[in-house]
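# Observations on the three-dimensional arrangement
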Amino acid sequence: MHGPSRNSLPPRAFRTPVSCEPFGIYVHWPFCTAKCPYCDFNSHVRSRVDDSEWVSGVIRELEYVAGLHGPSRPMVETIFFGGGTPSLMSGKSVAAVLDTIAKLWPIAPAVETTLESNPASADAERFRDYRRAGVNRLSLGAQALNDADLKMLGRLHGVAEAKAAVRFAQACFDHVSLDLIYARPHQTVEQWRSELQQALAFGTDHLSLYQLTIEPATPFAVLARTGALAVPNDDTAAALYEATQEITEAAGLPAYEISNHANSGAECRHNLLYWRYGDYAGVGPGAHGRLTLGGRRIATATERLPERWRARIETEGHALVERNELSSDDAAREHLLMNLRLTEGLDVASYESRWGLSLNRSRFKTLQDERLLEFSKGRLAATPSGRLVLNSLIAELAD
Ligand SMILES: C[S@@+](CC[C@H](N)C(=O)[O-])C[C@H]1O[C@@H](n2cnc3c(N)ncnc32)[C@H](O)[C@@H]1O
Ligand code: SF4
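Definitions and limits used
- Residues numbered from 1 in each chain as written.
- Chains lettered and ligands numbered in written order.
- Predicted model: local features only at pLDDT ≥ 70, side-chain atom pairs only at ≥ 80, totals over all residues.
- Heavy atoms only, no water.
- Salt bridge = Lys/Arg side-chain N within 4 Å of Asp/Glu carboxyl O.
- Helix = DSSP H or I, 4+ residues; strand = E, 2+ residues; numbered from the N terminus.
- Buried < 20%, exposed > 50% of the residue type's maximum accessible area, 1.4 Å probe, protein only.
- Near = heavy atom within 4 Å.
- Polar contact = N/O pair within 3.5 Å; in protein donor to acceptor, adjacent residues only side chain to side chain.
- Areas by Shrake-Rupley, 256 points an atom, 1.4 Å probe, with all protein chains shown as cover.
- Nonpolar A, V, L, I, M, F, W, Y, C, P; charged D, E, K, R; others polar.
- Pairing = 2+ DSSP bridges.
- Contact = heavy atoms within 4.5 Å.
- Axes fitted to C-alpha atoms, helices over the stretch in contact; angles between N-to-C directions.
- Parallel < 35°, antiparallel > 145°, perpendicular 65-115°, else oblique.
- Left-handed = near helix turned anticlockwise from the far one by under 90°.

## Section: the pattern of salt bridges
According to the stated counting rule, one finds 22 salt bridges in the structure shown. Between Glu-53 and Arg-310 there is a salt bridge; the shortest N-O distance is 3.0 Å. One end of the pair, Glu-53, is in helix H1 (residues 51–68); the other, Arg-310, is in helix H10 (residues 306–316), and 257 residues separate them in sequence. Glu-53 gets classed as partly exposed once you look at its relative accessible area, which sits at 25%.

What follows is the structure, encoded as structure tokens:
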């Protein structure tokens, strides 16, 4: 297998950053111990995973992607291990990936390095290893804080394991986030209020609160179709969303994005990079990236299936199956869609100058009258009700 080799690296003196725009790296770890019945992420269950073999592939792909930048490489501000379940990786594997990144790109002194963890594969020793490797932010998939719902969601952990994982994480990392899924079958607003208050009481500085989405081709989709899984109706879902905004805001973790809430200054910088339409490289099976190369906006995607991804790495040194230049119109549309997910919205003047276009002001007015948009001090933002119908809002604006 191919490991990092000194000879394949550009000399340090040439690795000066070309821009001060933030740059991030996403590493996808595609394995899980079991597949949750609601999840359509690129995650796979395998009886045996040899970490070191997969990590060698990630290292080769990182070397390849770094080469796309040429000798002048941007400064890495954020790194994100997502999945799948990256907390199945050993500390040694995480360290090998981080060391490689540090050899290939300049690293910002305050780099944010996040790793997603499932409480079922969380333990104090493992967290300490991640910390030693350089991880400084942990995102824990708690999903629910009652055992009956965790069982219904097909999770391998109970509330006790989730609580223990939060304690270990808080002892190890500067920043800890919890993922919770709400709008579950039969969930009432009162039950969710009390669960959310329990989650806030842990005192983490970030919460990702997702409404349960019934994804096509998942076991939950089959159950929902046959009526065996009764998800809340639109009114209850709206009431749950409103309660979420009210409770998190009162606790000092208001929404900064549709599903993401944080103390001021504890927003996930890596995800902000996506939503502010910055540049990031994506490596590992099924990872996406957005790179600006020679002034052109390039969308990348890697092979999704882990075994095929690895075979491609063996033969080609990378598994990028898409590397498409985005037209200015497509990029402008993506930028709008991403920015309007954020509470801060869009800086209209810099958006218009970046893409050489002007947004239709009379449309702003109509959408403002419908209370879907706010336009103030040069920034355009979706209201909470606007964020719920974001796709149609973008269609109106970009038309
Ligand atoms: C990659 S997982 C997080 C780490 C780890 N795999 C785990 O589940 O603990 C990303 C998150 O997406 C959310 N998610 C996945 N599928 C979802 C769905 N259908 N509806 C709502 N949230 C979902 C879950 O909250 C999950 O924690
Ligand atoms: S929710 Fe997390 S643990 Fe469950 S299948 Fe998806 S990625 Fe794996």
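## Focus: the site of ligand 1
Close to ligand 1 lie 18 residues; Gly-84, Gln-143, Arg-155, Asp-179 and Thr-213 are nearest. The backbone of Thr-213 places a nitrogen or oxygen atom 2.9 Å from a nitrogen atom of ligand 1. About the coverage of ligand 1: the protein hides 93% of its 560 Å² of free accessible area. Those elements that provide at least two residues to the shell around ligand 1 are strand E3 (107–117), strand E4 (137–143), strand E5 (175–182) and strand E6 (206–211). Per-class residue counts for the shell around ligand 1 are five nonpolar, nine polar and four charged.

## Some thoughts on the sheet that holds strand E13 (residues 346–347)
Note on sheets: strands pair through backbone hydrogen bonds, and any given pair is parallel or antiparallel. In space, the three strands of this open sheet follow the order E13-E15-E14, with antiparallel pairing throughout. At either margin of the open sheet sits one strand with a lone partner, and together these are E13 and strand E14 (373–376). Running at roughly 125° to E14, helix H13 (residues 361–369) makes contact with E14 and strand E15 (379–382) of the sheet.

## A look at the site of ligand 2
In the vicinity of ligand 2, the residues found are Cys-32, Ala-34, Lys-35, Cys-36, Tyr-38, Cys-39, Ser-43, Gly-84, Thr-85, Asn-118 and Arg-155. Looking at the shell around ligand 2, its residues break down into five nonpolar, four polar and two charged.

## Here's the deal with the packing of H1 against helix H2 (residues 91–104)
As a packed pair, H1 and H2 sit with axes 10 Å apart at the nearest point and diverge in direction by 15°. Here H1 lies roughly parallel to H2, going by the angle between them. Classified by chirality, the crossing of H2 by H1 is right-handed. On H2, the residues touching Asp-51, Val-55, Val-58, Ile-59, Leu-62, Glu-63 and Ala-66 of H1 are Ser-93, Ala-96, Val-97, Thr-100, Ile-101 and Leu-104. Considered class by class, the residues forming the contact of H1 with H2 number nine nonpolar, two polar and two charged.

## What to know about the pairing of strand E1 (residues 23–29)
E1 sits mainly inside the fold: seven of its seven residues count as buried. On E1, burial covers both faces: Phe-23, Ile-25, Val-27 and Trp-29 on one face and Gly-24, Tyr-26 and His-28 on the other are all buried. Note: E1 against strand E9 (residues 279–283), five bridges, orientation parallel. In the strand pairing of E9, Ile-25 is matched with Ala-281. Of the pairings in the sheet, the one linking E1 to strand E2 (residues 76–83) comprises seven bridges and is parallel in character. Each residue of the ladder has a partner; that of Gly-24, found in E2, is Thr-78.

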